[in-house]
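A closer look at the structure
Here are the chains, one letter per residue:
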Amino acid sequence: MVILKTIDEVRKQVKAWKKEGLSVGLVPTMGYLHEGHQSLIQKSVEQNDRTVVSVFVNPMQFGPNEDLESYPRDLEADAKLCQETGADIIFNPEPSEMYEEGFCSFVNMTGLPDALCGLTRPVHFKGVCTVVNKLFNIVTPDRAYFGQKDAQQLAIIMRMVKDLNMDIEIVGCPIIREADGLAKSSRNIYLTSEERQAAVVLSKAVKEGQKLIADGERNAKVILDAMKSMISAEPLADIDYVEMVNMDTMKSIDTVEGYVLCAMAVRFGKARLIDNFICNV
Ligand code: PAF
């Protein structure tokens, strides 16, 4: 496995692979890799001849008061995990390699980003779509892998690929959780031990929502109220949102029917954590 820092080096290697008729999988990440990322890399290694993992903390998707500077980084540990999991390249560019002076082209989307995380993070999805587009153009993968934990991001990327006729298969992969249910996230590192314990309430709320639906409840407000009161009972939890939306449109729903995303973002001290479940009723 090699770590490449420049776009030219990645292009050269991928071109050589394609000349040999090899398929290429891309796992876009911001690094500080955990078992969630590892499951994406594993899937790519299974489904493709070669796998590229990008490790790039993308400044464009952070708002002015967000955690760009403090976002955890550990390239050495990331390289070990990628090597052990069978990746072939880590693409780890500097911000100046991705955004040359004078950079002024963006990929923007209307509709889907105007909900859930997009409401409190207004520049986030423009930054995500732009960088993912650039990574797709640089790596030209056959398949790209994204986690369902960022369900809105996954829906947005699937829509972007469809709308812009990109010839790339997007593979969504399930949420990987700690033994007590907390969804794996690079941002879990921000939690104090008290907050870490409190954060388990998110997966408990997910289970409660799933149970109510399994028991036949179809009124979204009833389900959301039950989940919110469970989370609010935890003194360290500060709810950003708990919402139920149509998975294709990201519009709020009153009745649970069709393909539904139930998503939440909750702050515990410095950490803003997300969790969700998807159901098809
Ligand atoms: O999900 C992430 O880690 C990031 O949003 C992504 C897709 C790597 C783009 O920077």
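First things first, this report covers the structure right here in the doc. Quick caveat, the model's predicted, so the values are computed rather than measured.

Rules used in this analysis
- Residues numbered from 1 in each chain as written.
- Predicted model: local features only at pLDDT ≥ 70, side-chain atom pairs only at ≥ 80, totals over all residues.
- Heavy atoms only, no water.
- Pairing = 2+ DSSP bridges.
- Helix = DSSP H or I, 4+ residues; strand = E, 2+ residues; numbered from the N terminus.
- Axes fitted to C-alpha atoms, helices over the stretch in contact; angles between N-to-C directions.
- Contact = heavy atoms within 4.5 Å.
- Near = heavy atom within 4 Å.
- Polar contact = N/O pair within 3.5 Å; in protein donor to acceptor, adjacent residues only side chain to side chain.
- Phe/Tyr/Trp six-rings, centres within 6.5 Å; stacked < 30°, edge-to-face > 60°.
- Buried < 20%, exposed > 50% of the residue type's maximum accessible area, 1.4 Å probe, protein only.
- Lys NZ or Arg CZ within 6 Å of the ring centre and 35° of its normal.
- Right-handed = clockwise from strand over helix to strand, strands pointing away.

As summarised here, the arrangement of the six strands in space is β1-β4-β3-β2-β5-β6, forming an open sheet in which the pairing is parallel. On the outer flanks of this sheet lie β1 (2-4) and β6 (169-173), each paired with one strand and no other. Averaged over all pairs of adjacent strands, the angle between their axes in this sheet comes to 25°, without regard to strand direction. Sheet contacts for helix α1 (residues 7-19): β1, β2 (24-29), β3 (50-55) and β4 (89-91); angle to β4, the most-contacted strand, approximately 145°. Lying on the sheet, helix α2 (residues 35-47) is in contact with β2, β3, β5 (143-147) and β6; it crosses β5 at an angle near 155°.

Time to look at the site of the ligand. In the vicinity of the ligand, the residues found are Pro28, Thr29, Met30, Asn58, Gln61, Val128, Val131, Phe146 and Gln153. At a separation of 2.7 Å, an oxygen atom of the ligand approaches a polar side-chain atom of Gln153. Contributions of two or more residues to the shell around the ligand are made by β2 and α6 (124-139).

For the structure shown, the criterion picks out five aromatic pairs. A ring pair is formed by Tyr99 and Phe103, whose centres lie 4.9 Å apart and whose planes are at 85°; its orientation type is edge-to-face. Ring plane angle 75° and centroid distance 6.5 Å describe the contact between Phe136 and Phe146, whose orientation is recorded as edge-to-face. Linking Phe136 in helix α6 with Phe146 in strand β5, this pair joins segments that are 10 residues apart in sequence. The exposure class assigned to Phe136 is buried, which follows from its relative accessible area of 3%. Taken together, Phe56, Tyr99, Phe103 and Phe106 form an aromatic cluster joined through their ring pairs. The lysine or arginine in question, Lys126, covers the ring of Phe106, its NZ or CZ lying 4.5 Å from the ring centre.

On to the environment of His34. By the secondary structure assignment, His34 is in the loop between β2 and α2. As a C-alpha pair, His34 and Glu178 span 144 residues in sequence and 11 Å in three-dimensional space. Not counting the four nearest positions on each side in its chain, His34 is found in contact with Leu81, Lys184, Ser185 and Ser186. One polar contact links the side chain of His34 to the main-chain amide nitrogen of Gly36, over a distance of 2.9 Å.

Moving on, we get to the pairing of β6. In the sheet, β5 pairs with β6 via five bridges, with the strands oriented parallel. Bridge assignment links Phe146 to a residue of β6, and that residue is Gly172. Following the backbone out of β5, through helix α7 (residues 151-163) and into the adjacent parallel β6, one traces a crossover that is right-handed.

Moving on to the sheet that holds strand β7 (residues 238-246). Read from one edge to the other, the open sheet built from three strands follows the order β7-β8-β9, with strand pairing classed as antiparallel. One side of each edge strand has no neighbouring strand; the edge strands of this open sheet are β7 and β9 (271-280). Each strand of the sheet is rotated relative to its neighbour by a mean of 10°, with strand direction disregarded. Packing of helix α9 (residues 200-214) onto the sheet brings it into contact with β7, β8 (259-268) and β9, and relative to β9 it is tilted by some 20°. Running over the sheet, helix α10 (residues 220-232) touches β7, β8 and β9 and is turned about 160° from β7.

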